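A closer look at the structure
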Amino acid sequence: MTAGEKNVAGEARRSAASSAAASPLCGEDCLSAGSSRLPGGTGVPALEARGLTLSWDGEHIVVADVTVDVAPGEVCCLVGRSGCGKTTILHALAGLTTPLAGRVLLHGEDVTGRPGRVSYMLQKDLLLPSRRIIDNVCLPLVLAGMGKVDARAKAAPLFERFGLAGCEQKWPSELSGGMRQRAAFLRTYLMGADVTLLDEPFSALDALTRTDVRRWFVDVAAELGLSALVITHDVDEAVSMASRIYVLAGAPAAGEPSHVAGIVTVERVASENFELTDQYLAAKREVMALLG
Ligand SMILES: Nc1ncnc2c1ncn2[C@@H]1O[C@H](COP(=O)(O)OP(=O)(O)OP(=O)(O)O)[C@@H](O)[C@H]1O
């Protein structure tokens, strides 16, 4: 391998790891995994954080006794002000850090401190500028050892559902912000993990694109039966995407660890403009009151 190739490989690994914390990459049945993602009747949450207490230095507590669960096929949000500890929680849920107290469970299995069990998508799409969209999207499959031809054959049928038909051979710079985020989400989906964590996934997009992409995400998540936790400080992002919103409150920098101040259930009604409905505004008011 030449130095240049090593750089590209390294860049590729870093990019994939950031957008989807090393998850068990899908095998031959990856694209049929949708069936196992459909809402189940077992009553066991897809993702469960029980009584998480987290600290970066073992001394200062960032969040205390946080309990969150996401049912199979459900999209939930964790919303809180900047600095209240959302990313700290996300790292623990992804198994990248170990809590001072509490456990993280996936379908009832204790995965506390074990990375690689959930997919992970960040606000920045982190698409590699030097690779065509099809190859960016296929990255997790290729890094898992699948041949390029097989990986492309596996990813290609999903382009249409992800709103990317005709974009396979384009470069990331040729795509709009919304399309780039959809490509990043398709790449995350191809990691094949059961549960996806999304960190402010669409906040960086302009207002109109953001609304469209959020609506699209809600539809596609329901269709694929995705279990997802969206972490955000944007109340509109939370209300427009989630069926339940965990509201995190506190000021860890001032020595006041954050906690779950309340859980808001969003009554999702079929409407062209859900963002203008009474149900949407009622949920938004409730979240804002809990944020204080
Ligand atoms: N790597 C780190 N080492 C030490 N302290 C950290 C680290 N990352 C975050 N913190 C501290 O933990 C607290 C919570 O930070 P965190 O990034 O989890 O908040 P957040 O809610 O995600 O904020 P934002 O919405 O601005 O991203 C802050 O006081 C922050 O300074």
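The following refers to the structure shown.

Rules used in this analysis
Residues numbered from 1 in each chain as written. Predicted model: local features only at pLDDT ≥ 70, side-chain atom pairs only at ≥ 80, totals over all residues. Heavy atoms only, no water. Axes fitted to C-alpha atoms, helices over the stretch in contact; angles between N-to-C directions. Helix = DSSP H or I, 4+ residues; strand = E, 2+ residues; numbered from the N terminus. Parallel < 35°, antiparallel > 145°, perpendicular 65-115°, else oblique. Left-handed = near helix turned anticlockwise from the far one by under 90°. Contact = heavy atoms within 4.5 Å. Nonpolar A, V, L, I, M, F, W, Y, C, P; charged D, E, K, R; others polar. Polar contact = N/O pair within 3.5 Å; in protein donor to acceptor, adjacent residues only side chain to side chain. Near = heavy atom within 4 Å. Areas by Shrake-Rupley, 256 points an atom, 1.4 Å probe, with all protein chains shown as cover. Core = buried A, V, L, I, M, F, W, Y, C linked by side-chain atoms within 4.5 Å. Buried < 20%, exposed > 50% of the residue type's maximum accessible area, 1.4 Å probe, protein only. Pairing = 2+ DSSP bridges.

**Concerning the packing of helix H4 (residues 133-143) against helix H5 (residues 148-155)**
Where H4 contacts H5, the axes come no closer than 9 Å and their chain directions differ by 115°. Overall, the two elements H4 and H5 adopt an arrangement that is roughly perpendicular. H4 and H5 meet at a crossing whose hand is right-handed. Contacts from Ile134, Asp135, Val137, Cys138, Leu141 and Val142 of H4 reach H5 at Lys148, Ala151, Arg152, Lys154 and Ala155.

**Considerations on the packing of helix H6 (residues 177-189) against helix H7 (residues 207-224)**
The contact between H6 and H7 brings their axes to 10 Å, and the two run at 25°. On the basis of their axis angle, the class for H6 and H7 is roughly parallel. Like other packed secondary-structure pairs, H6 and H7 cross with a definite hand, here right-handed. Taken together, the residues of H7 that come into contact with H6 (itself represented by Gly178, Arg182, Phe185 and Tyr189) are Thr209, Val213, Trp216, Phe217, Val220 and Leu224. Of the residues belonging to the contact of H6 with H7, the class tally is seven nonpolar, two polar and one charged.

**Here's the deal with the side chain of Asn136**
Structurally, Asn136 is set in helix H4. There is a polar contact of 2.7 Å between the side chain of Asn136 and the backbone nitrogen of Leu128. Beyond its immediate stretch of four places on either side in the chain, Asn136 contacts Leu127, Leu128, Arg131, Pro172 and Arg187.

**Things to note about the site of the ligand**
Residues in contact with the ligand, as listed here, are Trp56, Val62, Arg81, Ser82, Gly83, Cys84, Gly85, Lys86, Thr87, Thr88 and His233. Between the ligand and Trp56, the relevant distance is 3.2 Å, taken from a nitrogen atom to a side-chain nitrogen or oxygen of the residue. The separation between an oxygen atom of the ligand and a polar side-chain atom of Thr87 is 2.7 Å. Its free accessible area being 620 Å², the ligand has 57% of it covered by the protein chains. No other element matches helix H3 (residues 86-93), which puts three residues into the shell around the ligand. For the shell around the ligand, the per-class residue count stands at three nonpolar, six polar and two charged.

**Points about the nonpolar core**
By size, the foremost hydrophobic cluster in this structure holds 52 residues, and its most contacted members are Phe162, Phe185, Leu186, Phe217 and Ile245. Per element, the largest residue contribution to this core is seven residues, and it comes from H7. Excluding anything up to four places from it in sequence, Leu186 contacts Val137, Leu158, Phe159, Phe162 and Leu164. Core analysis: the next-biggest nonpolar cluster, separate from the first, contains 29 residues, Leu52, Leu54, Ala94 and Val104 among them.

**A look at the pairing of strand S1 (residues 47-55)**
S1 sits mainly inside the fold: eight of its nine residues count as buried. Pairing geometry for S1 and strand S2 (residues 61-70), over six bridges, is antiparallel. The residue bridging Ala49 from the neighbouring strand is Val68, located in S2. Counted between consecutive antiparallel strands, the loop separating S1 from S2 contains five residues, among which Gly58 sits at a positive phi close to 80°. For S1 and strand S4 (residues 101-106), the ladder comprises five bridges, and the chain directions are antiparallel. By the bridge assignment, Thr53 is partnered in S4 with Ala101.

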